Amino acid sequence: MSDIKSFRQSVESFIAARGWTPTRFGRTVAGDPLFVFDLREGREPRSETRARILRAMQEFGEGETAPPLRIGVAGLGNVGATLVRILQRDGAELTRKLNRQIVVTAVAARSRSRDRGIDISGLEWFDDPVALAKSDGIDLFVELIGGEDGPAFAAVKAALEIGRPVVTANKALLAKHGVALARLAEESSAQLGFEAAVAGGIPVIKTLREGLGSARIAKVFGIMNGTCNYILTRMGNENISFADCLKDAQALGYAEADPSFDVEGFDTAHKLSILATLCFGYEIAPDQIRVEGISSITQHDIKVAAELGYKIKLLGIAQRTEHGIEQRVHPTFVPKGSAIAGVDGVMNAIALETDHVHELLLAGPGAGGPPTAASVLSDILDIARGTRVPPLGVPSEELMPYKQAPMRAHEGGFYIRLSAKDVPGALAAIATRMGERSISIDSVIQRSDLGVKAVAEDGTPIRTVVMITQRTLESDVRESLAQIAADGFIVGQPQLIRIEML
Ligand SMILES: NC(=O)c1ccc[n+]([C@@H]2O[C@H](COP(=O)([O-])OP(=O)(O)OC[C@H]3O[C@@H](n4cnc5c(N)ncnc54)[C@H](OP(=O)(O)O)[C@@H]3O)[C@@H](O)[C@H]2O)c1
């Protein structure tokens, strides 16, 4: 580390360890109230000044021990109660590691009397998360309530406005307000940690913000929703329908009573939008993402994928293209031998394609109380150590306005499943329409077990036909399918699944 970098780090650690304001450090140690502000803006003090201040910090440190870092936790559900339990259980070990005590001093939730398996008797109780966020009795605010607006947003905003560091696991909040909150944090010199918001226990935010700081990322993709991965894995291993797998997932607590946010891909889209901003430096744009869920996946799709050497995974994918940033969430055919295909069950995985380290795959538990609370704790420790990085990787004013690449410009292979009328000439007519747009078909499957499925309204038998295309433009595939539908040879909506050769 350069001298100036290590000097900055020492100053920040000194301030964070004592919960001081920058002005207090300036007055007490540096002899200039604006010293820390100037330092953060990039002004480099001369080496004699640095040496004087380091000496003063050392002398100061010898005469005192850092006060405890007092934490306020809003939300004592799955993640919040686990976090409090870990901090109460492992407090002594954390103190040894940090040379500073970390203590939960105050909490907020809806019900004060609910048994959460933790002892909150000695903690200050708040009914209102905003009052907790602003309380003088804490140095750091942890938001584990959830929801993109409401009390979570109000409390995080209130804490940042007074320069108080915040840690949150709330992807919905970040996807909607991430840029505004990052700006607020920068203005008030407060840290904002959200490691747990994407892929629960996998340290992907830290990897992007700090570990890969200098690498140029071309593509990020991954499995970011454990519920969908559990369902698709079971559909692949056992001959079970989507609906039955979903029921099991709900019974096991992997899926919500209303599962649509997960299975229709929106949860993945929130996480992807945050990752894409950290990877490419554009503003967060969850509403610009093409989102398709897994509820239309059938055993036919799973079987054909397996026979052709693929598995189906719900992927979130963001990549640079010549047209802008392509961001999409959809079920995807991935080669069986690829690393991502081996990530099964409720596990998550995120792959990063970079210029220096090529492909990096981070896999692990994407949800659950303990892994998520561990990520929250890792942010708390970073803040206690005084680590400072812009929340979104670059200062928010340098984020570029989002430039979306149109999905129709996407190029790749496609799996197409059609319900075709079983009449002479139907298949030839379909092939002709594809040929008109120069779509090359790799294989056509029309087997007996995919055979006659039903009859059309006019009584004609219907046959399931599956085609795999070579690399082609999405706009060509969609237009040719629209023409095939208009010709009257198919019934219902064709199933279209993109193939990624990862
Ligand atoms: N669970 C996971 O595996 C996971 C993984 C990654 C990220 N996350 C994120 O972590 C956050 C928390 O998730 P969770 O699963 O722990 O949620 P949860 O079990 O539903 O807990 C939510 C907590 O917030 C409290 N709460 C709700 N409204 C409140 C209000 N108006 N004022 C004060 N407290 C309020 C609830 O109080 P009561 O208990 O009194 O009702 C509850 O303790 C969410 O943002 C979620 O997206 C969760």
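Since we're looking at a predicted model, the values are computed, not measured.

1. Digging into the overall build of the protein
Thought 1: In terms of helices and strands, the protein carries 17 helices and 18 strands.
Thought 2: Along the three orthogonal principal directions, the C-alpha set of the protein runs to about 90 × 55 × 35 Å.
Thought 3: Counting the 502 residues in the protein, one finds 43% classified as buried.
Thought 4: Sequence separation of at least 24 residues holds for 74% of the intrachain contacts in the protein that already meet a minimum separation of 6.

2. A word on the sheet that holds strand 4 (residues 140-143)
Thought 1: Sheet architecture is open: six strands sit in the order 3-2-1-4-5-6, paired in parallel fashion. The outermost strands of the open sheet, each flanked by one partner alone, are strand 3 (124-126) and strand 6 (192-193).
Thought 2: Pairing of strand 1 (residues 69-74) with strand 2 (residues 102-108), which is carried by six bridges, proceeds in the parallel orientation. Counterpart to isoleucine 71 in the pairing with strand 2 is valine 104.
Thought 3: Strands in contact with helix 5 (residues 78-98) are strand 1, strand 2 and strand 4; relative to strand 2, the strand with the most contacts, it is inclined by about 160 degrees.
Thought 4: Sheet contacts for helix 7 (residues 150-161): strand 1, strand 4, strand 5 (166-168) and strand 6; angle to strand 4, the most-contacted strand, approximately 165 degrees.

3. Overview of unusual backbone geometry
Thought 1: Of note in the backbone geometry, serine 189 takes a positive phi value of approximately 55 degrees without being a glycine.
Thought 2: Position of serine 189 among the secondary structure elements: in the loop between helix 8 (171-187) and strand 6.
Thought 3: Accessibility expressed as a C-beta count within 10 Å gives 16 for serine 189, which makes it partly exposed.
Thought 4: Positive phi is not limited to glycine here, since serine 438 has a value of about 55 degrees.
Thought 5: Tracing the sequence through the fold places serine 438 in the loop between helix 16 (426-436) and strand 14 (441-445).

4. With respect to the site of the ligand
Thought 1: Near the ligand you find 25 residues, and of these Gly75, Gly77, Arg110, Gly146 and Ala367 are the closest.
Thought 2: Considering each element in turn, the shell around the ligand owes the most residues, three residues, to helix 5.

5. Remarks on helix 5
Thought 1: The end-to-end C-alpha distance of helix 5 is 26 Å, clearly below the 30 Å that 21 residues give at a rise of 1.5 Å each.
Thought 2: The sharpest bend along helix 5 measures roughly 70 degrees and falls at aspartate 90.
Thought 3: When helix 5 is considered as a whole, its buried residues turn out to be Val79, Gly80, Ala81, Thr82, Leu83, Val84, Leu87 and Leu94.
Thought 4: On the buried face of helix 5, the contacting elements are strand 1, strand 2, strand 4 and helix 15 (369-385).
Thought 5: Backbone geometry just downstream of helix 5 places asparagine 99 in the positive-phi region, at approximately 60 degrees.

6. Observations regarding the nonpolar core
Thought 1: In this structure, Val73, Leu83, Val142, Ile231, Leu275 and Val376 are the most contacted members of the largest nonpolar core, which totals 146 residues.
Thought 2: Apart from residues no more than four positions distant in its own chain, valine 376 is found in contact with Val79, Leu83, Val142, Val167, Ala169 and Ala196.

7. Details of the packing of helix 5 against helix 15
Thought 1: Between helix 5 and helix 15, the shortest axis-to-axis distance is 9 Å and the interhelical angle comes to 45 degrees. By the angle between their directions, the pair helix 5 and helix 15 is classed as oblique. Our pair here, helix 5 against helix 15, has a crossing hand that is right-handed. Residues Asn78, Val79, Thr82, Leu83, Ile86 and Leu98 of helix 5 touch helix 15, and the partners they reach there are Gly369, Pro370, Thr372, Ala373, Val376, Leu377, Leu381, Ala384 and Arg385.
Thought 2: For the contact of helix 5 with helix 15, the residue count by class is ten nonpolar, four polar and one charged.

8. Description of the domain arrangement of the protein
Thought 1: Here the protein is partitioned into domain 1 (3-62), domain 2 (69-197), domain 3 (212-364) and domain 4 (408-499).
Thought 2: Measuring from the centre of the C-alpha atoms in domain 1 to the corresponding centre in domain 2 gives 27 Å.
Thought 3: On the domain 2 side, the residues contacting the four residues of domain 1 number four residues.
Thought 4: Class assignment for the residues of the side of domain 1 that touches domain 2 results in two nonpolar, one polar and one charged.

9. Topic: the pairing of strand 10 (residues 324-335)
Thought 1: Of all the twelve residues making up strand 10, ten are buried; the element is thus mostly covered by neighbouring parts of the structure.
Thought 2: Bridge count between strand 8 (residues 290-291) and strand 10: two bridges; the pairing is parallel. In the sheet register, arginine 290 faces strand 10, and the bridge partner there is arginine 328.
Thought 3: In textbook terms, the turn of a hairpin is the stretch between consecutive antiparallel strands, and for strand 9 (residues 310-321) and strand 10 this stretch comprises two residues.
Thought 4: As defined by bridge partners, strand 10 adjoins strand 18 (residues 490-499) across two bridges and the pair is classed as parallel. Counterpart to threonine 332 in the pairing with strand 18 is arginine 498.

Reading the values: rules and limits
Residues numbered from 1 in each chain as written. Predicted model: local features only at pLDDT ≥ 70, side-chain atom pairs only at ≥ 80, totals over all residues. Helix = DSSP H or I, 4+ residues; strand = E, 2+ residues; numbered from the N terminus. Buried ≥ 20, exposed ≤ 12 C-beta atoms within 10 Å, placed from the backbone. Contact = placed C-beta atoms within 7 Å. Pairing = 2+ DSSP bridges. Axes fitted to C-alpha atoms, helices over the stretch in contact; angles between N-to-C directions. Near = placed C-beta within 6 Å. Expected span 1.5 Å × (residues − 1). Bend = angle between axes of the 7 residues up to and from the residue. Core = buried A, V, L, I, M, F, W, Y, C linked by C-beta atoms within 7 Å. Parallel < 35°, antiparallel > 145°, perpendicular 65-115°, else oblique. Left-handed = near helix turned anticlockwise from the far one by under 90°. Nonpolar A, V, L, I, M, F, W, Y, C, P; charged D, E, K, R; others polar. Domains from an automatic or database assignment.

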